[in-house]
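Structural overview
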Amino acid sequence: MNRPRVSLIVINWNTAADLRSCLRSAEETARTFPVETIVVDNASMDGSTEMVRSEFPLVRLIANSENLGFAGAVNQGLRAASGEYFLVLNADIVLLPDAVRRLTERMDADPSIGAAMPELMNNDGSR
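Here is a short report on the structure shown in this document. Note on numbering: residues in each chain are counted from 1, in written sequence order. Local features in this predicted model are restricted to residues of pLDDT 70 or higher, and side-chain atom pairs are both shown and tallied only at a pLDDT of 80 or more, whereas totals for entire chains, interfaces and linings draw on every residue. Just so you know, side-chain values use all the structure's heavy atoms and leave hydrogens and water out.

A short note on the pairing of strand β2 (residues 35–42)
Applied cut-off: Under the scheme applied here, a residue whose accessible area is under 20% of the maximum for its type counts as buried, over 50% as exposed, and between as partly exposed, the area being computed with a 1.4 Å probe on protein chains only. Helix and strand assignments follow DSSP, with helices taken as H or I runs no shorter than four residues and strands as E runs no shorter than two, numbered in order from the N terminus. For two strands to count as paired, DSSP must find a minimum of two bridges between them. The handedness of a crossover follows from its direction of travel: if, with the strands pointing away from the viewer, the path from the first strand over the helix to the second runs clockwise, the crossover is right-handed.
In terms of residue burial, β2 counts as a mostly covered element, since 8 of its 8 residues are buried. Neither face of β2 is exposed, since Val35, Thr37, Val39 and Asp41 on one face and Glu36, Ile38, Val40 and Asn42 on the opposite face are all buried. Sheet analysis places strand β1 (residues 6–12) next to β2, joined by 7 bridges and oriented parallel. Within β2, the residue paired with Ser7 across the bridge is Glu36. Crossover handedness for the path β1 to helix α1 (residues 16–32) to β2: right-handed.

The structure is reproduced here in structure tokens:
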């Protein structure tokens, strides 16, 4: 397997419905752009890990037995990631088509950029 351009690292805690939407958008991204998706679950009690295992078999799941907090989970995801770039997401984020590709192209175009963040929008498209 070739190295993915971007590792999508999704941090989750008891947000199974949001996580499902996030992972569906990650699947759509993966159809046209080389990404890997890693979910770090902080000991959810809402069936999140079971949902990931059954509905998203290509996602790498790190299921913690205790809540390590956001920073601890991000560090776990970063250690597991193999992408050229890392994109850390909360589970309530839905990626728009081409968002990851466009962000990656911007990073590639200017080596002086050390970090970038996509624009966050509401469900209605407003900023």
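Structural notes on the side chain of Asp41
The condition that has to hold: Under the counting rule used here, the positive set is Lys and Arg, the negative set is Asp and Glu, and His together with the chain ends is not counted. By convention in these notes, a salt bridge is any Lys or Arg side-chain nitrogen within 4 Å of a carboxyl oxygen on Asp or Glu. In protein, a polar contact means a hydrogen-donor-capable atom and an acceptor-capable atom, both N or O and within 3.5 Å, with residues adjacent in sequence counting only if both atoms are side-chain atoms; elsewhere, any N or O pair within 3.5 Å suffices. The contact criterion used is simple: two residues touch if any of their non-hydrogen atoms lie within 4.5 Å.
Within the fold, Asp41 resides in strand β2. Of the buried charged residues, Asp41 lacks a salt bridge, with Arg53 as the closest side chain of opposite charge at 8.3 Å. For Asp41, the side chain forms a polar contact with the side chain of Ser44, separated by 2.6 Å. If near-sequence neighbours (up to four positions away) are discounted, Asp41 is found in contact with Asn12, Ser48, Thr49, Leu61, Ile62, Ala63 and Asn64.

Observations regarding the nonpolar core
As a rule of thumb, soluble globular proteins bury nonpolar side chains together. To keep things clear, this is the line we draw: Nonpolar cores were defined as sets of buried Ala, Val, Leu, Ile, Met, Phe, Trp, Tyr and Cys residues, with membership established by side-chain atoms within 4.5 Å.
Core analysis: the largest hydrophobic core is formed by 19 residues, its most contacted members being Val6, Leu8, Val10, Leu19, Leu23, Leu87 and Val100. Elements that contribute at least two residues to this core include exactly β1, α1, β2, α2 (48–55) and β4 (85–90). When residues of this core are assigned to their parent elements, the largest contribution, 4 residues, is made by α1. Aside from chain neighbours lying at most four places away, what touches Val10 is Leu19, Cys22, Leu23, Thr37, Ile38, Val39, Val40, Leu89, Asn90 and Ala91. Counting 8 residues, the second largest nonpolar core, distinct from the first, contains Ile11, Ile38, Val40 and Ala81.

Brief notes about helix α4 (residues 99–109)
The line we're drawing: This arc is built from the directions going out from the helix axis to the C-beta atoms.
Those residues of α4 that fall on the buried side of the exposure criterion are Val100, Thr104 and Met107. Viewed end-on, α4 has its buried residues packed into an arc of 60°, placing them on one side of the element. Of the exposed residues in α4, those oriented more than 90 degrees away from the buried face are Arg102 and Ala109.

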